[in-house]
Amino acid sequence: MAAQWTMTTAILNGSEAAPVSDLPSSSSSNGSLFLRGNRTGIDDDVTAAGSDVISLLYAFNEVLGVGVTGVVCLLGVAGNALTFVVLLRTFARSPMFYVLRMLSISDGLFLLSVFTAQTVVNVYPHTGVLSTCFFYRGYVQYYVWPWLMTMQMTTVWLTVLVSVERYVAICHPLKAIYVCTIRKVRVSVVSIVVACVLFNVPRYLEFTTAYDEAMLKTDIGKDVVYRYLYTCVLYAVAVFLFPLVLLLVLNVLLVLALRRGRREWRHLKFRQRHEQSMTVIPLTIVLVFFLCGTPSLVVNVIDSVTPELSDVYFVAFMICANFLVVVNSASNIVIYFLLGRKFRSRVAELIRCKCCSKQTATLDYELTEMPEMTS
């Protein structure tokens, strides 16, 4: 799952310490960090921070916001791929696990987008590789940024869909037979993806780019009406307020229903017991979503209220919030391993099958290569 993501595009020009005027500061259009050179003047609080503090902030961003984030993204992509395979082989006919499979795809694509926009374009000054991505970073980020925001919004609403499916299955079991079907769930997933793509199309109009430059705001991106109506009001309602309220209400009702179900466990039918047992994993996913997404919600609110804020502590907090969003999208496989006994056994079987197939292939090759014995 992905909560709010605030893209950091502060790039060191191959130097160990960036000048004060290049300190990244928050952008009011989307909560992003951009090169300070895109604005005029230096805020007093930034200047007062001192070059040592700013250099430390840049080092912190390079380590956590670029390096560690890149590693977690790659591990998360691999984890989501493994999750998709195991859920497909084990729970192919379950509506809930179908949504969770789609969630693993969305999380994986989100992590790939973050890895491209945040890590790939920033490795050249430190390693000397991927120079093309560095010099064309503006173009890379321009095309990746809307897709990243689309995947972020998709994962949020897929998380809501999981909670809706669990609510119907637990609180209205008789209706669940007709409502929670694979066909209807597929229609819901397609509808969510289409709506999220259409909602984020204007992202391509917010910025422009040039060779060897980060993304630059267009007149539309600077427009006050667009900024407050689309990036503040509509974005806050569609990605934060409405889905979070739904998640909170649905999961409170789910927890209450589960507590009642525990007291009446002996009187429940097998199907009802099975549905309640499967609900623990989605509830944990939603809990992690709240924990990792709350700091980013705070960043978005502060950035919308005070778009010119450049305080070093706020920028450091923004970098940490970004990292928590990445951890959120990469953590699903950990939840499955800790809470899903069947998931663990299926992963073990998959690993054993791979090892056995390799050993069999090696043995067959050795037998075919062995010279024939003659009497």
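From a predicted model like this one, the values you see are computed outputs, not experimental measurements.

Chemist: Describe the pattern of salt bridges, with residues and values.
Modeler: Within this structure, the stated rule accounts for three salt bridges. As a salt-bridge pair, Glu206 and Arg203 come within 3.3 Å of each other at their nearest N and O atoms. Of the two residues, Glu206 and Arg203 are both situated in helix 9 (residues 203-206); the distance of three residues between them amounts to about one turn of the helix. Residue Arg203 is classed as buried on the basis of its relative accessible area, which comes to 2%. For Arg346, the salt bridge identified is with Glu349, shortest N-O distance 3.6 Å. On the criterion of helical spacing, the pair formed by Arg346 and Glu349 is a turn pair, its members being three residues apart in helix 16 (residues 341-369). Judged by relative accessible area, which is 29%, Arg346 ranks as partly exposed.

Chemist: Outline the side chain of Thr69, listing residues and values.
Modeler: Its place among the elements puts Thr69 in helix 2 (residues 51-90). There is a polar contact of 3.5 Å between the side chain of Thr69 and the backbone oxygen of Gly65. Among residues more than four places away in sequence, those in contact with Thr69 are Leu64, Val114, Thr119, Phe323 and Val326.

Chemist: With reference to specific residues and values, describe the packing of aromatic side chains.
Modeler: The full count for this structure, using the stated rule, is nine aromatic pairs. With centroids separated by 5.2 Å and ring planes inclined at 20°, the aromatic side chains of Tyr226 and Tyr230 adopt a geometry described as stacked. Here Tyr226 and its partner Tyr230 are both found in helix 11 (residues 224-263), four residues apart, which amounts to about one turn of the helix. In textbook terms, an aromatic cluster arises when at least three aromatic residues are bridged by ring pairs, as seen for Tyr142, Tyr143 and Tyr204.

Conventions adopted
- The residue numbering used here restarts from 1 in each chain and proceeds along that chain's sequence as written.
- pLDDT decides what is reported in this predicted model: residues at 70 or higher carry local features, side-chain atom pairs at 80 or more are listed and counted, and totals for whole chains, interfaces and linings draw on all residues regardless.
- Side-chain measures were taken over the full set of non-hydrogen atoms in the model, leaving aside hydrogen atoms and water.
- Salt bridges are defined as contacts in which a side-chain nitrogen from Lys or Arg sits within 4 Å of a carboxyl oxygen from Asp or Glu.
- Numbering of helices and strands runs from the N terminus, with a helix taken as a DSSP run of H or I at least four residues long and a strand as a DSSP run of E at least two residues long.
- Think of it in three bands: with a 1.4 Å probe and only protein chains considered, a residue is buried below 20% of the maximum accessible area for its type, exposed above 50%, and partly exposed in between.
- N or O atoms within 3.5 Å of each other form a polar contact, as long as, within protein, one can give a hydrogen and the other can take it, and as long as residues adjacent in sequence are counted only when both atoms are side-chain atoms.
- Contacts are residue-level and defined by heavy atoms, with any inter-residue pair within 4.5 Å sufficient.
- Only centres within 6.5 Å qualify two rings of Phe, Tyr or Trp (six-membered ring in Trp) as a pair; their planes then separate them into stacked at under 30 degrees, edge-to-face at over 60, and tilted for everything else.

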